[in-house]
Amino acid sequence: MLFDRVKPLDAIMLTAEKKGLHRTLGAFQLTMLGIGAVIGTGIFVLTSEAAQKAGPGMLLSFIVAGAVCAVAALCYSELASMVPVSGSAYTYSYAVVGELLAWMVGWALILEYAVGASAVAVGWSNHAVGLLNGLGFHFPAALSNADALMAKVQLAFGATPSKDLTMALQVGGWVNVPAIIVCVFVTWLLIIGTTESARFNAVLVAIKILALTAFVILTLPVLNATNFDPFMPTGATGVMGAAASIFFAYVGFDAVSTAAEETKNPQRNVPIGLIASLFICTAFYILVASGAIGAIGAQPQMGPSGVPLAPGSPELAGRCASVVASGALEPLVCSKEALVHVLDTLGWHSIGRLVGLAAVLALPSVVLMMMFGQTRVFFTMARDGLLPEKLASVHPRYRTPHVVTIVTGVAATIAAAILPVGKLADYSNSGTLFAFLMVAISVMVLRKIDPTRHRPFRMPLVWIIAPLAIFGCLYLYISLPWTAILVLPAWGAIGLLVYFLYSRSRSHVGLGLVEVPEEDAYHGTEPSQPGTR
């Protein structure tokens with residue numbers, strides 16, 4: 001039977017004890033880990049993407065996305081405290097709904113982390129190029145984005161030529177070299193040792209919070225109520241579409257649960273780390289978005305049919321280039337470094353440069369955490385026999401999982417080189433929403449099949465909150481652009497082929513190696529955890 005392989009919770013806990021990782025993280029470190037993963041591209045870059053979809057109504061989008069994450073966080077908290085082992089949603093699903101669906105969740109998490117790392121890398125590139133330009137070093141546009149390449153591809157596939165596409169061809173770029181550089185750099189850091197490369201995580205989080213605090217202090221006093229009118233120029237559809245995209249801005253909190261196996265007193269610290277990081281980040285998002293809208297407005301650029309141009313599209317790039325060429329103020333929706341642009345417009349040029357510098361310094365840590373998250377999922381799946389153990393083998397000198405790190409780095413680099421941040425975030429969201437949905441289902445199933453098991457963190461109103469999480473994830477998923485909606489089933493089809501052609505016959509659960517894994521089966525496959533010393 002397809003759904004007959006379920007790894008018992010007791011076996012999962014025994015596996016963690018037999019070949020687990022050293023528990024060194026506390027509640028504060030987990031909270032900082034979550035904030036470090038959350039406050040990144042979402043707050044620094046996706047503000048423009050959300051404004052193009054919803055206008056000032058993006059404030060509602062942040063609230064909607066945050067609400068879905070809140071109920072998902074509660075589901076995560078219950079399972080993470082019960083099953084404090086690495087693997088996150090993959091491990092939870094394996095224990096409740098079986099191997100096949102767990103495999104699909106793990107496969108979706110690969111999509112979340114790898115493509116998410118690419119999105120953050122593009123966000124870093126946008127700020128790095130803007131910072132260089134602000135300091136008088138003009139980086140070639142042809143090497144800082146791929147707008148011209150995307151316009152060329154669209155025309156080659158039969159798109160109707162337009163003024164906007166023509167402008168994108170004239171002024172756009174062909175490859176994002178800075179994004180390539182940061183992906184390669186982070187991959188190298190992970191190979192030489194994640195502990196050393198992430199020891200400044202808490203400092204980088206503090207830099208981001210200081211930068212955002214300065215932005216809020218400078219923009220809220222000059223808030224102009226007229227900039228909020230019309231509040232919802234694209235209606236409820238635009239608000240939900242923006243919520244689906246900026247959901248990416250919140251997903252870092254699940255990285256906390258992937259570190260559960262390295263957490264001291266996980267029954268207490270994992271729920272605290274999850275919920276505290278989500279609460280802090282949500283407060284910043286609402287304040288920053290309000291300051292940006294109130295300062296310079298956030299009305300979307302409309303196409304000929306009255307529909308907003310797609311964020312990240314060559315048409316929007318061409319339109320924005322035309323607006324700037326006419327001498328008009330660059331709209332918020334056109335800026336690749338939204339917060340810096342707002343401060344520049346208000347005359348705070350030096351502060352704007354510092355905010356840009358904060359993004360340049362801090363965003364690589366988010367890329368690192370995204371890539372690290374994938375190595376953790378790979379590690380756990382290899383430990384269960386679903387992926388080749390060689391894939392999670394360690395470097396003889398650096399003792400890090402260099403093979404999977406290189407594979408992840410190459411994939412992230414290619415995507416970051418040619419795709420815009422908005423599209424990458426949407427693709428990543430499709431995998432994330434599926435994983436979150438499965439966690440919510442697992443909570444309800446486990447309450448039915450194992451109601452007496454000790455739950456250090458027991459989610460209140462489970463039959464209301466868990467269904468709300470499921471509904472929220474589904475609604476946000478169908479609110480994504482069609483290309484992003486189709487990415488998940490396409491990626492899932494590839495995953496099913498891998499599962500049935502390789503993984504199913506080698507699964508440790510299928511082979512009966514569940515309760516007592518071989519002592520040497522996973523020797524040397526434990527990648528080190530950032531921030532542990």
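Residues numbered from 1 in each chain as written. Predicted model: local features only at pLDDT ≥ 70, side-chain atom pairs only at ≥ 80, totals over all residues. Heavy atoms only, no water.

## Overview of the overall build of the protein chain
Here is the rule: For helices the rule is a DSSP run of H or I covering at least 4 residues; for strands it is a run of E covering at least 2, with both sets numbered from the N terminus onward. Buried means the residue's accessible area, taken with a 1.4 Å probe over protein chains only, is under 20% of the maximum for its type, while exposed means over 50%, and partly exposed covers the values in between. It only takes one pair of heavy atoms within 4.5 Å for two residues to be counted as in contact. Residue burial considers only the protein chains on display, and all accessible areas are found by Shrake-Rupley using a 1.4 Å probe.
The helix and strand tally for the protein chain stands at 22 helices and two strands. Classification of the 533 residues of the protein chain by burial places 62% in the buried group. Look at the contacts in the protein chain between residues 6 or more apart in sequence, and 85% of them connect residues 24 or more apart. Carbon together with sulfur atoms contributes 70% to the accessible area of the protein chain, which is approximately 19,700 Å² in total.

## Structural notes on the environment of Glu389
Note on placement: Glu389 falls in the loop between helix H18 (349-383) and helix H19 (402-418). Assessed through its relative accessible area of 38%, Glu389 is described here as partly exposed. In the structure, Glu389 is positioned ten residues away from Phe379 in sequence and 8.4 Å away in space, judged by C-alpha atoms.

## Considering the state of the cysteines
The line we're drawing: When the sulfur atoms of two cysteines come within 2.5 Å, that pair is taken as a disulfide.
Within the structure shown, the criterion is met by one disulfide. Each sulfur of the disulfide joining Cys320 and Cys334 lies 2.0 Å from the other. Judged by the torsion about the S-S bond (-80°), the Cys320/Cys334 disulfide is left-handed. With Cys320 in helix H16 (residues 314-325) and Cys334 in the loop between H16 and helix H17 (338-345), this pair connects stretches of sequence that are 14 residues apart. The exposure class assigned to Cys320 is buried, which follows from its relative accessible area of 8%.

## Re the confidence of the model for the protein chain
Put simply, the rule is: A residue's pLDDT is the predictor's confidence in that residue, given on a scale from 0 to 100.
The predicted model of the protein chain has a mean per-residue pLDDT of 83, with 86% of residues at 70 or higher. At the level of individual helices and strands, the protein chain shows its lowest average pLDDT in helix H11 (residues 194-197), which scores 47, and its highest in strand S2 (residues 175-176), which scores 96.

## Some details on the packing of helix H4 (residues 46-54) against helix H13 (residues 235-246)
For any two helices packed against each other, one specifies the crossing angle of their axes together with the interaxial distance. The criterion, for reference: For helices, the axis comes from a line fit to the C-alpha atoms of the stretch in contact; other axes are also lines fit to C-alpha atoms, and the angle between any two N-to-C directions lies between 0 and 180 degrees. To sort the angles, those under 35 degrees are grouped as roughly parallel, those over 145 as roughly antiparallel, those from 65 to 115 as roughly perpendicular, and the leftovers as oblique. Crossing handedness: left-handed means the near helix sits turned counterclockwise from the far one by under a right angle, and right-handed means the same turn made clockwise. Gly is put with the polar residues, along with every residue not named as nonpolar or charged; the nonpolar set is Ala, Val, Leu, Ile, Met, Phe, Trp, Tyr, Cys and Pro, and the charged set is Asp, Glu, Lys and Arg.
One way to put it is that H4 packs onto H13 with a least axis distance of 8 Å and a crossing angle of 160°. Our classification of the angle between H4 and H13 gives roughly antiparallel. Between H4 and H13 the crossing geometry is right-handed. Packed against H4, whose contacting residues are Leu46, Ala50, Lys53 and Ala54, the element H13 presents Gly238, Val239, Gly241, Ala242, Ser245 and Ile246 at the interface. In terms of residue class, the contact of H4 with H13 is built from six nonpolar, three polar and one charged.

## Side note on helix H21 (residues 462-478)
For clarity, the cut-off: Here, expected helix span is obtained from the residue count minus one, scaled by 1.5 Å. Throughout, the arc means the angular range of directions from the helix axis out to the C-beta atoms.
Taking 1.5 Å of rise per residue, the 17 residues of H21 would be expected to cover 24 Å, and the 24 Å separating its terminal C-alpha atoms lies within 8% of that figure. Among all positions in H21, only Val462, Ile465, Ala466, Ala469, Ile470, Gly472, Cys473, Leu476 and Tyr477 are buried. End-on, the buried residues of H21 take up no more than an arc of 160°, which puts them together on one face. The exposed set on the far side of H21, more than 90 degrees from its buried face, consists of Ile464, Phe471 and Ile478.

## Considering the side chain of His341
As for its placement among the helices and strands, His341 is situated in helix H17. Judged by relative accessible area, His341 falls into the buried class, the value being 10%. Not counting residues within four places of it along the chain, the set of residues in contact with His341 comprises Ile296, Leu329, Glu330, Pro331, Leu332 and Ser335.

## With respect to the packing of aromatic side chains
Heads up, the rule is: In this analysis, rings of Phe, Tyr and Trp, with Trp reduced to its six-membered ring, are considered paired at centre separations within 6.5 Å, and the interplanar angle assigns stacked below 30 degrees, edge-to-face beyond 60, and tilted for intermediate values.
Within the structure shown, the criterion is met by eleven aromatic pairs. Plain terms: the ring middles of Phe247 and Phe436 are 5.6 Å apart, the flat faces sit at 65° to each other, and that makes the pair edge-to-face. Of the two residues, Phe247 sits in the loop between H13 and helix H14 (254-258) while Phe436 sits in helix H20 (residues 421-449), which places them 189 residues apart along the sequence. The same class applies to Phe247 and to Phe436, which are both buried. Judged by centre distance (5.0 Å) and plane angle (65°), the rings of Tyr250 and Tyr285 are edge-to-face. Note that Tyr250 is positioned in the loop between H13 and H14 and Tyr285 in helix H15 (residues 266-296), a separation of 35 residues in sequence. Just as Tyr250 is buried, Tyr285 falls in that class too. These aromatic residues form a ring-pair network of at least three members: Trp103, Trp107, Trp491, Tyr499 and Phe500.

## Here's the deal with the packing of H18 against H19
Here H18 crosses H19 at 135°, and the two axes come no closer than 10 Å. Between H18 and H19, the crossing angle belongs to the class labelled oblique. For the crossing formed where H18 meets H19, the hand is right-handed. Counting all contacts with H18, which are made through Met371, Gln374, Thr375 and Phe378, the residues of H19 involved are Val404, Thr405, Thr408, Gly409 and Ala412.

## Re the nonpolar core
Keep this limit in mind: Put simply, buried Ala, Val, Leu, Ile, Met, Phe, Trp, Tyr and Cys residues joined by side-chain atoms within 4.5 Å make one nonpolar core.
Ranked by internal contacts, the top residues of the largest apolar core, which has 155 residues, are Phe44, Met58, Phe247 and Leu332. With 20 residues, the top contributor of residues to this core is helix H7 (residues 99-134). Other than its neighbours up to four places away in sequence, Leu332 contacts Ser48, Ala51, Met58, Ala292, Ile296, Gly297, Ala298, Ala338, His341 and Val342.

## Focus: a nonpolar patch on the surface
Formally: Here the term patch refers to residues with relative accessible area over 30% and no salt bridge, with like charges joined within 9 Å and nonpolar side chains (Val, Leu, Ile, Met, Phe, Trp, Tyr) within 5 Å. Think of a salt bridge as a Lys or Arg side-chain nitrogen and an Asp or Glu carboxyl oxygen that are within 4 Å of each other.
Among the surface-exposed residues, Leu60, Ile63, Met232 and Ile286 lie close enough to one another that they form a single nonpolar patch of about 300 Å² accessible area. Its place among the elements puts Ile286 in helix H15.

## Let's talk about the pattern of salt bridges
Under the counting rule described, the total for this entry stands at four salt bridges. The salt bridge partner of Asp164 is Arg319, with a shortest N-O separation of 3.2 Å. Pair noted here: Asp164 is in helix H9 (residues 163-171) and Arg319 is in helix H16, with a separation of 155 residues, a long-range link.

## Observations concerning the side chain of Ser479
Note that Ser479 resides in the loop between H21 and helix H22 (482-506). By relative accessible area, which is 18% here, Ser479 ends up buried. Setting aside residues no more than four positions away along its own chain, Ser479 makes contact with Met240, Gly241 and Ala244.

## What about unusual backbone geometry?
Between Asp229 and the following residue, Pro230, the backbone shows a cis peptide bond with an omega angle of 0°. Along the chain, the position of Pro230 falls in the loop between helix H12 (201-219) and H13. Unlike most non-glycine residues, Leu461 shows phi in positive territory, near 50°. Judged by relative accessible area, which is 59%, Leu461 ranks as exposed.

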